[in-house]
Amino acid sequence: MTDQTDQTPDTADEATDTTTPKQDAPGNADKPVSSWTTGDEPMTGAQASYLKTLCEEAGEQFDPEMTKADASRRIDALQSATGRG
């Protein structure tokens with residue numbers, strides 16, 4: 001019988017748990033928007049909500065038809081403009 005109390009992985013590869021990818025891959029958020037494989041899909045609900053808020057604060061028009069990639073770029077720009085970034 002093996003001792004199950006020490007569950008420390010032996011290699012760095014084993015240390016990556018893919019059950020919670022947003023927490024386990026912190027560098028993922030730094031991926032360039034131009035490299036996103038889903039960038040041409042409609043923006044997410046979270047993006048839309050935050051983008052609406054930023055547009056209201058900046059006095060700009062909200063476009064509900066933006067893609068994920070375009071929404072991300074617009075959020076970045078509006079964060080700078082509103083001082084939220």
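In the block above lies the structure referred to throughout.
Thresholds, definitions, all that
Residues numbered from 1 in each chain as written. Predicted model: local features only at pLDDT ≥ 70, side-chain atom pairs only at ≥ 80, totals over all residues. Heavy atoms only, no water. Core = buried A, V, L, I, M, F, W, Y, C linked by side-chain atoms within 4.5 Å. Buried < 20%, exposed > 50% of the residue type's maximum accessible area, 1.4 Å probe, protein only. Helix = DSSP H or I, 4+ residues; strand = E, 2+ residues; numbered from the N terminus. Contact = heavy atoms within 4.5 Å. Expected span 1.5 Å × (residues − 1). Arc of directions from axis to C-beta.

(A) Fine view of the nonpolar core. Ranked by size, the top nonpolar core spans nine residues in total: Met-43, Ala-48, Leu-51, Leu-54, Cys-55, Met-66, Ala-71, Ile-75 and Leu-78. Contributions of two or more residues to this core are made by helix H3 (45–58) and helix H4 (68–82). The leading source of residues in this core is H3, at four residues. If we ignore the near neighbours within four places in the chain, the residues touching Met-66 are Pro-42, Met-43, Leu-51, Ala-71 and Arg-74.

(B) Broad picture of H3. An ideal rise of 1.5 Å per residue puts 20 Å on 14 residues; H3 measures up with 20 Å between its terminal C-alpha atoms. Of all the positions in H3, only Gln-47, Ala-48, Leu-51, Leu-54 and Cys-55 are classed as buried. Buried residues of H3, viewed axially, fall in a sector of 130°; they line one side. Of the exposed residues in H3, the ones pointing more than 90 degrees away from its buried face are Gly-45, Ala-46 and Glu-56. For H3, the elements touching its buried residues are H4. Phi turns positive, to about 70°, at Gly-59, one or two residues after H3.

Any functional reading would require information beyond the geometric quantities listed.
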